[in-house]
Amino acid sequence: MKLTHCIVAGLVCAGSAECQSPSGIHAEAGIEQRVEALVGRMTLDEKIGQMSQSTSMSTPLSGAIREEIRRGRWGSFLNAGSPADRAEAQRIARHESRLGIPLLFGRDVIHGYRTIFPIPLGQAASWDPELIGQAARIAASEAAREGIRWAFAPMLDVARDPRWGRIAESPGEDPYLGAAMATAIVRGFQGESLADPSSIAACAKHFAAYGAVEAGRDYNSAWVPEVLLREVYLRAFHAAADAGAASFMTSFNALNGVPASGNALLLATILRGEWKYRGMVVSDYNAIEEMIAHGYAADGADAARKALTAGVDMEMVSTDYFDHLKSLVGRGLADSKHIDDAVHNILRLKFRLGLFDESIPAPAESGVTPESLALARRLAAESAVLLQNKGGLLPLSESLGSLAAIGPLADSPIDQMGTWVMDGRPKDVETPLAALRSQLGEGRVFYAPGLRNSRDASRAGFAAALDAARRADVVVFFLGEEQILSGEARSRAFLNLPGAQDDLVAAIAALGKPMAAVIMAGRPLTFQETAARVNAVLYAFHPGSMGGPALADLLFGRGTPSGKLTATFPRTVGQVPIYYAHLNTGRPAPQDASGIPVGNPAQPEGYTSKYIDADFTPEYPFGYGLSYTRFDYSNLKLSSAFMTRTGTVTVSADIANTGNREGTEIVQLYIRDLVASVAQPVRALKGFRRVPLGPGEKSTVSFTLDAAALAFYNQHNQLVTEPGRFQVWIAPDSAHGVEGEFTLR
Ligand code: NOJ
């Protein structure tokens, strides 16, 4: 029997003020006393007001809302008002309300504010937390300038089902990568200090397991065993708390039958108890009231009581706290200590943001800048994933005569920005068509959308597209999904390219021209028909404001694609959920297994874990992405064949650029725990690095593993390491790599 080493939980002081950067500790000294003193002066009505968040702020501010702010009816507004309205509302709160408590304005700043960066799933494909952090910093300063000091991001839901529209907002399917993104974005938003007027409070959402909604249908229920919850769904949240995320948002879903906004296991036991989190918790939009529809609360009063007791500090939009908390306290059915705790958490954040101390900034407008656009262009280029390049069609030669740009996403600023864009302006977007025209010259680019939008099923535009293609040397399609097809409430039952896009490609393929497809979408799609017809496929997700020039750069080799997928691409929707870190099963299928051989249905190797009518392997595995150059992996070495609980093992491999262009390779480290008291995935990501290499250049890349990296949750939900054998890979993706083995003693 194996010995179990228990890793003491709770050693990290997650999310507490003391957890901040050293400068933060000093900057925040005295806040607790100020909070304490203020809470002591508040009436119950004022406390409940602080716990209430509304969207209703008319432009210009109505007399009624002014009066409500004066009375302290609201602690926060979301997605509301112009910069001038917000400044005026803040003035009223600060100078005309009894206690002068400032308002906190929150907003969905999901992948940029005025400058729109790629959707989060695209950003994750860059595997570049440094750059992602810089993008978050720009978003923070643009938002803060307009009076927004709280972003409802990062979204950290592990998403393993591309039917779910919100996979677009997520870092993808992997908890390790999600944790790296969480840390980068929290630090980017919050900067060195929340009190810096260009910092905004982060909100780790949606807590928790929203990505596991059944059938990929938004708002559906999630059933996740606690061991998987902790192993997969909570890791990025824990990282966000450790990075000091100022707030958390509960999710819409019920988790194992208990809606997240009333879920004491999530909020009280894990977040506040184990992680010692002292930030603020807000519900999602109406989510407290929705506990009635879930069948978990009898009425609004019951919902308010359950949310308060579980640990939700602020209610978003629904008004159960306002309507019922006072009477619940009066009747002894709610504990006023819980109310005081919630108000402490809310006011602490307002103090930390400096809202009590700073003079109210004059209303100002943000705008894009050359620097913000340059960063957006870089991140869009790093986010694009080259999936196929038959015959080395890409990069195109600058000396090519002419190009046909065809497809509904070639010139569609709104679609290119992607989901959750409240503040980006189409006029600031440069589309691929505009970029190609400005780079190649108008006369060398023939444009025909072919379809009015991605869902258009009519062939009316095909003739013009054929005409454009006929005149050109090369055809580049810009295909995918409109913005409106991904994001919240945008689940799809089919993952194909919508409308007549495949037909458009088929019609033009008849011309026999070299063809590349750029796909801009909010999720992994299935597009085999099109992939079979074109030479090259570049997957750009929704690349944001500067997607056009970034893609033109890649198409013409002024940059080399380096992105790698962070969500597995299925061959067909019937394979979903499909993800790389699955368990082996008792009957793993051979990699080349596909269906039952005709005429021999009883063949024993048929009784393995696969499909009879489709391959069981993915179309493109997690971590996959090509380059214009080639990278070879060799010479895996381990510093020792053994690791002790307190020791480390360093794993290294040689990565060589064997092509004739420079490129950046995203080198990935995976492990497999071969025997454990809870079976472990066939592979689990434990490290990654972006490695730039010139042609012919070789580099030894090393990673150091310690026992904590080998830890997992056992059947008692304790984080443990168990001695035994571990496989290890240094790999270009989750399906390949050079391999070794070591033993933990
Ligand atoms: C609902 C969404 O689930 C959440 O992500 C968002 O932040 C809020 N609405 C506010 O818009």
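Conventions used here
Residues numbered from 1 in each chain as written. Predicted model: local features only at pLDDT ≥ 70, side-chain atom pairs only at ≥ 80, totals over all residues. Heavy atoms only, no water. Near = heavy atom within 4 Å. Polar contact = N/O pair within 3.5 Å; in protein donor to acceptor, adjacent residues only side chain to side chain. Areas by Shrake-Rupley, 256 points an atom, 1.4 Å probe, with all protein chains shown as cover. Nonpolar A, V, L, I, M, F, W, Y, C, P; charged D, E, K, R; others polar. Axes fitted to C-alpha atoms, helices over the stretch in contact; angles between N-to-C directions. Helix = DSSP H or I, 4+ residues; strand = E, 2+ residues; numbered from the N terminus. Parallel < 35°, antiparallel > 145°, perpendicular 65-115°, else oblique. Left-handed = near helix turned anticlockwise from the far one by under 90°. Contact = heavy atoms within 4.5 Å. Domains from an automatic or database assignment. Buried area = accessible area lost by both parts, 1.4 Å probe. Salt bridge = Lys/Arg side-chain N within 4 Å of Asp/Glu carboxyl O. 1 Å grid on protein atoms, 1.4 Å probe; cavity = no way out; pocket = protein on both sides within 12 Å on 5 of 7 lines; lining within 4 Å. Points joined across faces, edges and corners; volume = space filled by probe spheres on them. Pairing = 2+ DSSP bridges. Phe/Tyr/Trp six-rings, centres within 6.5 Å; stacked < 30°, edge-to-face > 60°. Buried < 20%, exposed > 50% of the residue type's maximum accessible area, 1.4 Å probe, protein only. Lys NZ or Arg CZ within 6 Å of the ring centre and 35° of its normal.

Our next topic: the site of the ligand. Taken together, 14 residues lie around the ligand, and Asp108, Arg166, Lys205, His206 and Asp284 are the ones closest in. Aspartate 108 places a side-chain nitrogen or oxygen 2.4 Å from an oxygen atom of the ligand. At 2.5 Å, a side-chain N or O of aspartate 284 approaches an oxygen atom of the ligand. The protein chains hide 96% of the 300 Å² of surface that the ligand would expose on its own. Here the residues of the shell around the ligand sort into 7 nonpolar, 2 polar and 5 charged.

Moving on, we get to the packing of helix H2 (residues 31-41) against helix H15 (residues 336-352). For the pair H2 and H15, the least separation of the axes is 9 Å and the interaxial angle reads 130°. Looking at the two axes, H2 sits oblique to H15. Viewed along their axes, H2 and H15 form a crossing whose handedness is right-handed. Side by side, H2 and H15 meet where Ile31, Glu32, Arg34, Val35, Glu36, Leu38 and Val39 of the first sit next to Asp340, Val343, His344, Leu347, Arg348, Phe351 and Arg352 of the second. Within the contact of H2 with H15, the residues separate by chemical class into 7 nonpolar, 1 polar and 6 charged.

So, about the side chain of glutamine 680. By the element assignment, glutamine 680 lies in the loop between strand E21 (663-673) and strand E22 (684-693). Within polar-contact distance, the side chain of glutamine 680 engages the backbone oxygen of valine 678 at 2.9 Å.

Right, let's talk about the domain arrangement of the protein chain for a bit. The domain boundaries assigned to the protein chain delineate domain 1 (17-352) and domain 2 (631-744). Centre-to-centre separation of domain 1 and domain 2, based on C-alpha positions: 36 Å. Roughly 1200 Å² is buried in total at the junction of domain 1 and domain 2, and carbon and sulfur atoms are behind 63% of that figure. Per-residue buried area on domain 1 facing domain 2 is highest for Trp127, Tyr176 and Val227; these three make up 48% of the total on that side. The residue arginine 690 makes a salt bridge to aspartate 128 at a minimum N-O spacing of 3.6 Å. In this assembly, domain 1 and domain 2 are joined by 5 residue pairs in polar contact (both at pLDDT 80 or more). Going through the elements one at a time, helix H8 (175-190) and helix H9 (226-233) are the ones with two or more residues in the side of domain 1 that touches domain 2. If you tally residues by element for the side of domain 1 that touches domain 2, the top one is H9, at 4 residues.

Volume-wise, the second largest pocket comes out at about 940 Å³. Every residue lining the second largest pocket is counted, 32 residues in all, and those nearest its centre are His582, Gln591, Phe616, Pro618 and Val682. Residues of the lining of the second largest pocket, tallied by class, amount to 17 nonpolar, 10 polar and 5 charged.

The strand order E19-E27-E26-E21-E22 describes an open sheet built from 5 strands, whose pairing is mixed. Edge positions in the open sheet fall to strand E19 (642-643) and E22, since each of these has one partner strand only. Here 7 bridges tie strand E26 (residues 724-731) to strand E27 (residues 738-744), and the two strands are oriented antiparallel to one another. The partner of glutamine 727 across the bridge, within E27, is glutamate 741.

By the element assignment, glycine 354 lies in the loop between H15 and helix H16 (370-383). Residues glycine 354 and alanine 208, 146 residues apart in the sequence, show an inter-C-alpha distance of 29 Å.

Here we take up the packing of aromatic side chains. The way to describe two aromatic rings as a pair is by their centre distance and the angle between their planes. One pass over the structure, following the stated rule, counts 24 aromatic pairs. On the basis of an interplanar angle of 25° and a centroid distance of 6.2 Å, the ring pair of phenylalanine 77 and phenylalanine 105 is categorised as stacked. With phenylalanine 77 in strand E3 (residues 76-78) and phenylalanine 105 in strand E4 (residues 104-107), this pair connects stretches of sequence that are 28 residues apart. Here the two residues phenylalanine 77 and phenylalanine 105 agree in accessibility, since each one is buried. Put simply, the rings of Trp127, Tyr176, Tyr580, Phe622, Tyr670 and Phe688 pair up and form one aromatic cluster. One cation-aromatic arrangement involves arginine 689 over phenylalanine 703; the distance from NZ or CZ to the ring centre is 4.4 Å.

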